[in-house]
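# Residue-level structure breakdown
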Amino acid sequence: MSKLPRRSATVPAFTIVDLPERHEASYFVCLEDSSSEMREAGDHKARWYGRMKERGLRVKLAISDDDRPLGMIQYLPIEESMVQGTGLEMIMCIWVHGDDRDGTVGDVQGAGIGSALLGAAEADARSRGVAGMAAWGLRLPVWMKASWFKQHGYLTAGRDRGRELVWKPFVADARPPSWITPKPLPPDDPDRVDVLAFQSGWCTAMNIVCERAEQVAAEFGDAVMFTKIDTWDHDSVVRCGHADAVFIDGKVLQRGAPPSRSTIRRRLRRRVRRLRRS
């Protein structure tokens, strides 16, 4: 446990700690306890956590002196992740509060909390003899920026559309990670619209997408077939070639924020109408 100094008048002093049991429910909704959208994600992350903590998953929180979670980082052995690698730890995500929707935390980004969480995770990994850290980042200037990791000494290991796989070796003989090659999707049913979801459970945003897609697909009865494939473990990701994604007749449903039910409904309605005209 490490004590961090106050960075500014608006950011409280904080401590980096391993996930306390009292904050597990908050962690399951990515610290967004007041968000109604997060409540749509179901219990998938809680079940993923229950499985993966037995396989080396570690979660650290930045906690204010008055016990408010300000940020989080979760990481696990890369052999248990959605990418290929050996002897590394894989950062699944890192998040620091960046808004004031509930009026309790506020925007505390840009004050060193993310860097402190990353440093604590790296120190933990080094202490256990891990060969290095890996992470994925977006090439656009939004959440989980690849450029942010590079500012902390990470190197590019691979690119995949808008994502970048980065890593930081701790030892000379560490080997870089690589993306898992996507596999072809199963053929579509010519008589129905196919919604295919790959869901691991670790990402709350993707859990929301899967839940909404399944619920909206049910509105169309036999015209839409919803299929979900559980990809919670590494072997499943390797076998399927996909970790977290939803496809409608072979096309990705979303690449950014979770689409609304109305957006998904419009997509499915267009596909159903096109199918009935053919």
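Residues numbered from 1 in each chain as written. Predicted model: local features only at pLDDT ≥ 70, side-chain atom pairs only at ≥ 80, totals over all residues. Heavy atoms only, no water.

### A word on the pattern of salt bridges
Inspection of the entire model under this criterion finds 20 salt bridges. In this structure, Asp124 and Arg128 form a salt bridge, with 3.2 Å as the shortest nitrogen-oxygen distance. Judged by relative accessible area, which is 12%, Asp124 ranks as buried. Taking relative accessible area as the criterion, Arg128 reaches 35% and is therefore assigned partly exposed. Arg159 is paired through a salt bridge with Glu164; the nearest N and O atoms lie 3.7 Å apart. In the salt-bridge network here, residues are joined through shared partners; they are Glu37, Glu40, Arg212 and Arg261. (Salt bridge = Lys/Arg side-chain N within 4 Å of Asp/Glu carboxyl O. Buried < 20%, exposed > 50% of the residue type's maximum accessible area, 1.4 Å probe, protein only.)

### Some points on the pairing of strand β13 (residues 245-248)
Going residue by residue along β13, you find Ala245 and Phe247 tucked away on one face and Val246 and Ile248 tucked away on the opposite face as well. Pairing analysis gives 2 bridges linking β13 to strand β14 (residues 251-252), with the strands arranged antiparallel. In the strand pairing of β14, Phe247 is matched with Val252. Taking the residues between adjacent antiparallel strands as the criterion, β13 and β14 are bridged by 2 residues, where Asp249 takes a positive phi near 50°. (Helix = DSSP H or I, 4+ residues; strand = E, 2+ residues; numbered from the N terminus. Pairing = 2+ DSSP bridges.)

### Examining the nonpolar core
Within the largest apolar cluster, 80 residues are counted, with the highest numbers of intra-cluster contacts made by Met90 and Leu268. Ignoring any residue separated from it by four or fewer positions in sequence, one finds Leu268 in contact with Val193, Val195, Val216, Ala217, Phe220, Val224 and Ile248. (Core = buried A, V, L, I, M, F, W, Y, C linked by side-chain atoms within 4.5 Å. Contact = heavy atoms within 4.5 Å.)

### Focus: the environment of Glu32
Within the secondary structure, Glu32 is located in the loop between α1 (24-28) and α2 (44-52). On the basis of relative accessible area, Glu32 is assigned to the buried category, the value being 6%.

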